[in-house]
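The chain contents come next:
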Amino acid sequence: MVGAVFALAAAALLVVYLQQHSSAYERRQTALIIQQACERTAMALGAEVRRLFDGAVIDVIGGLGHPELEEPKLPALATLFNAAHNRFPYVHRFFMWNADTAKRFPDQVLIYEPDVARAPPQDRIFWIDGRPIGALLQDSVLSREIFNVAQDLTVHHHTFSVTNRVIAGTAYQLVVHFSFADGRREKYLALNGFIVDLENVRTRLFEQLAASEFRRILNAEPGGSRFTLTVMDDADRIVSGPRVPAGAVSAAVRADMVFFPEESLNPWLGARPEPSRWRLIVSAAPAPAAWGNYRLATAVVLLMLIALACAMTVDRQAIRLSRMQASFVANVSHQLKTPLTTLSAASETLGSERMRLPERTAEYVRIVAAQTKQVSGLVDQILHFSRAEAIGASYEFQPIDLGQFVETAVADFTAHRLRAGARLTFEAEPAVPAIEADPFALEQVLVNLLDNAVKYAGENNEIAVRVGGAPGFAVLTVRDHGMGIDEADRPHIFEKFYRGRQNGHGRRGFGLGLTIVEAIVRAHGGRVHVTSALGQGSEFQVMLPAGGGHDG
């Protein structure tokens, strides 16, 4: 009897031990999964902060070419600054000055103010579609500080300067870009740049970003979020977010408070402040503790729910891709069926005894040649997509004069592919940075963008190609004045097989052209930026690293 009780007790203790051991293992595995997710999320947030902080210089300041700087059209400048102010919330003000504005507004830098209610009556207010979009102000105190920075740039022949200044009791960071009219940097052209309100960065910026740009990365949902973001400054003080709870799983990444692309601007950069090194901490609550079978059951249910959510996400993506592929196959069939049917009919007619007149024979030969060219073009598009998508696709990089290369390609496109009635113009800045690229791939990027512009140019039929430079980049721009891109379609235009809701009306294509463009540009270390509005047209801007920045 005693032996039986002892055996039963031993068996019970063994079961409890095994269950506790299993529960501890499950807790460790769950914590490891959450830890890895925190680390990936923190890295993604760090990359997003860097992209955001670099953007005002690369996309706005660097995007202003010599024509805009020499003869600024103030309404267009206000429109550009208004759009940029919404994209880059850390920018307090953009500003602009050149010889022309100096005559009209002596001793003043024109400072963009998005809130027209704060603009004095004598300053310029601009309107779009019956609503004010901001004003260009005159501010003598700010102007004097900006001119002092510019004076230092002219003395030392630098292009950029970044400096911290306290103006009227407020700490600002001034990012000043000085443009010279000659290669020896002795004759000035213009200056532009922006102002960062450092107090606003500390008190409001990251809370605003967590509710907008970072929301997707943090997987925020109504009623709560999976991850919590806490921002700490270089003195370990909380700038934004809650204190990380004891025992919470977390990961941190450094975020330097520099509001310009420091690495690519180094050759042109004069003064710069020592950056504040802040930390972005992503945390998640620890796995809930329980006792006995409830702890093991909770962990199992939690993992099952996570697996189910992941499976549902993957399944939705697979269904969506399957539908797009089915649409692609149907589209291929439709696009190839018409020319093949025409080819079949033409070949039968040519082989019949009715074709006795040389003129009729020549006419059908032209039909065969035209339809063959159409089929060949469709097949080429599929092959180019396959090459761009291939893992480890090889490119033969070589030095390229982008201005001369694009001018030659545009002339060839105009001669052989431009439809009747369309008008294609080309313009290049005097000094375009040299790049390293695969000539065949680069030509494919330009041809696909031009084909896309021709397809959607609309009644205006005007397409403009421009080559210029930005700090650290060579820039290729293709602009049309056609139908534009619907806002709902814009996030998906680079997805393979995607054909937007505006892509009806008999237009050919597989939804691969822009996918090919984005894949090739990414392989060259560059980026593609798109701006578009319905009824006003689209602009595609390809930015390629100066000197070559591909993923060798």
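Residues numbered from 1 in each chain as written. Predicted model: local features only at pLDDT ≥ 70, side-chain atom pairs only at ≥ 80, totals over all residues. Heavy atoms only, no water.

Q: Quick one: what's the story with the pattern of salt bridges, residue by residue and with numbers?
A: All told, the structure shown has twelve salt bridges when counted by the stated rule. For the salt bridge of Asp236 with Arg279, the shortest nitrogen-to-oxygen distance reads 3.0 Å. Of this pair, Asp236 sits in the loop between strand E10 (228-232) and strand E11 (238-240) while Arg279 sits in strand E13 (residues 277-284); the two residues are 43 residues apart in sequence, bridging distant segments of the chain. Looking at Arg279, the relative accessible area reads 33%, which means it is partly exposed. For the salt bridge of Glu518 with Arg522, the shortest nitrogen-to-oxygen distance reads 2.4 Å. On the criterion of helical spacing, the pair formed by Glu518 and Arg522 is a turn pair, its members being four residues apart in helix H12 (residues 513-523). With relative accessibility at 44%, the residue Arg522 sits in the partly exposed group. Residues joined in a network through salt bridges with shared partners are Arg202, Asp233 and Arg237. (Salt bridge = Lys/Arg side-chain N within 4 Å of Asp/Glu carboxyl O. Helix = DSSP H or I, 4+ residues; strand = E, 2+ residues; numbered from the N terminus. Buried < 20%, exposed > 50% of the residue type's maximum accessible area, 1.4 Å probe, protein only.)

Q: Let's hear about the packing of aromatic side chains: which residues, and what values?
A: A complete count under the given rule lists ten aromatic pairs for this structure. Measuring from centroid to centroid gives 6.0 Å for Phe206 and Trp278, while their planes differ by 45°, and the two rings are tilted. One end of the pair, Phe206, is in helix H6 (residues 198-211); the other, Trp278, is in strand E13, and 72 residues separate them in sequence. As far as burial versus exposure is concerned, Phe206 and Trp278 are alike and both buried. Feature note: the residues Phe53, Phe81, Phe88, Tyr90, Phe94, Tyr112, Phe194 and Phe259 constitute an aromatic cluster, connected by ring pairs. (Phe/Tyr/Trp six-rings, centres within 6.5 Å; stacked < 30°, edge-to-face > 60°.)

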